[in-house]
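# Tertiary structure, described
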Amino acid sequence: MTLVTAGRVGKPHGRDGSFYVDGAADPLAAGTAVVLGEERHEVVRRAGTDDRPLIRLAGLDDPAPLRGEPLLVEVELGEGEWLASDLVGCAVAGRGRVARVLDGPSCSVLELDDGTLVPFVSDAIRSVVLDAPEGGEIQVDEHFLGQ
């Protein structure tokens, strides 16, 4: 299992420990386990909207001091899925290394250290090998990229 950010602790709401989630990237349904700091909690109340969930966590009475802290949830990555952080630093054969991964309007985009942008789509990416002997390696389809 891998921990990913599901949002951040936002503005407290009411007196029961509920708070809004800023930048929600997960539905955070009741019963969801989250990691906040070093502690594991369970979502015991879920209200609000999908864009601005309102949640309460078991064992957390005052969320105010934690405002801005990331809420982490466990996900299981399937075949052909990677975390953006795993791709940073990977060598792209004949082109350089991945400097960062950007969220584009329709897909993620690899920005290489020379500024080149490569769409992270199956037509452009032939393979990703994270456990290559000299670090991660990404093979691209040069024809698709116009080379």
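### Details of the layout of surface pockets
Considered as a void within the structure, the largest pocket measures approximately 380 Å³ in volume. Per-element tally for the lining of the largest pocket: the top contributor is helix α1 (residues 84–87), with 3 residues. Per-class residue counts for the lining of the largest pocket are 8 nonpolar, 2 polar and 2 charged.

### Brief notes about the sheet that holds strand β12 (residues 137–140)
Consider a sheet: its strands pair through backbone hydrogen bonds, and that pairing is either parallel or antiparallel. Taken together, the 6 strands give an open sheet; going across it, the order is β10-β9-β8-β7-β12-β11, and neighbouring strands pair in mixed fashion. The open sheet has two edge strands with one neighbour each: β10 (117–119) and β11 (125–129). In the sheet, β11 pairs with β12 via 4 bridges, with the strands oriented antiparallel. Across the sheet, the residue bridging to S127 is Q139, located in β12.

### Digging into the pairing of strand β8 (residues 96–103)
The sheet contact formed by strand β7 (residues 91–92) and β8 spans 2 bridges and is antiparallel. Bridging from a neighbouring strand, V92 pairs with G96 of β8. Here β7 folds back onto β8 in antiparallel fashion, the turn holding 3 residues, of which G94 has a positive phi close to 75°. In the sheet, β8 pairs with strand β9 (residues 108–112) via 5 bridges, with the strands oriented antiparallel. The residue of β9 that forms the bridge with R100 is E111. Connecting the antiparallel pair β8 and β9 is a turn made up of 4 residues.

### Structural notes on the sheet that holds strand β2 (residues 18–22)
Judged by pairing direction, the barrel is antiparallel, and its 6 strands sit side by side in the order β1-β2-β5-β4-β3-β6 before closing back on the first. Within this sheet the neighbouring strands show an average axis-to-axis angle of 50°, counted without direction. Where strand β1 (residues 2–13) lies against strand β6 (residues 70–75), 6 bridges are found, and the strand directions are antiparallel. Paired with T2 across the two strands is V75, which belongs to β6.

### Details of the packing of aromatic side chains
This structure, assessed with the given rule, holds 1 aromatic pair. Between W82 and F120, the aromatic rings sit 5.9 Å apart at their centres with planes inclined by 80°, giving edge-to-face as the arrangement. With W82 in the loop between β6 and α1 and F120 in the loop between β10 and β11, this residue pair connects regions lying 38 residues apart in the sequence. Judged by relative accessible area, W82 falls into the partly exposed class, the value being 30%. When the ring centre of Y20 is taken as origin, the NZ or CZ atom of R52, which lies over that ring, is 3.8 Å away.

Thresholds applied
- Note that residues are indexed from 1 along each chain, following the sequence as it is written.
- Two thresholds apply to this predicted model, a pLDDT of at least 70 for residue-level local features and 80 or more for giving and counting side-chain atom pairs, whereas whole-chain, interface and lining totals are computed over all residues.
- Water and hydrogen atoms were dropped before computing side-chain values, which therefore reflect all heavy atoms in the structure.
- Using only the protein atoms, space was sampled on a 1 Å grid; points where a 1.4 Å probe fits but cannot get out form cavities, open sets with protein on both sides within 12 Å along at least five of seven lines form pockets, and lining residues are those with an atom within 4 Å of a point.
- Grid points are joined across faces, edges and corners, and a volume is the space filled by probe spheres set on the points.
- Secondary structure elements follow DSSP: runs of H or I of four or more residues count as helices, runs of E of two or more count as strands, with numbering from the N terminus.
- In this count, Pro and Cys sit with the nonpolar residues alongside Ala, Val, Leu, Ile, Met, Phe, Trp and Tyr, while Asp, Glu, Lys and Arg are called charged and the others, Gly among them, polar.
- In this scheme, strands are said to pair when DSSP sees at least two bridges between them.
- Where helices are involved, their axes are fitted lines through C-alpha atoms of the stretch in contact, as for all axes, and angles between N-to-C directions lie from 0 to 180°.
- Any Phe, Tyr or Trp ring, taking Trp's six-membered ring, that has another such ring centre within 6.5 Å forms a pair; planes under 30 degrees apart are called stacked, those over 60 apart edge-to-face, and the others tilted.
- Exposure classes here rest on a 1.4 Å probe applied to the protein chains alone. A residue is buried below 20% of its type maximum, exposed above 50%, and partly exposed in between.
- Criterion for a charge above a ring: Arg CZ or Lys NZ at most 6 Å from the ring centre, at most 35 degrees from the ring normal.

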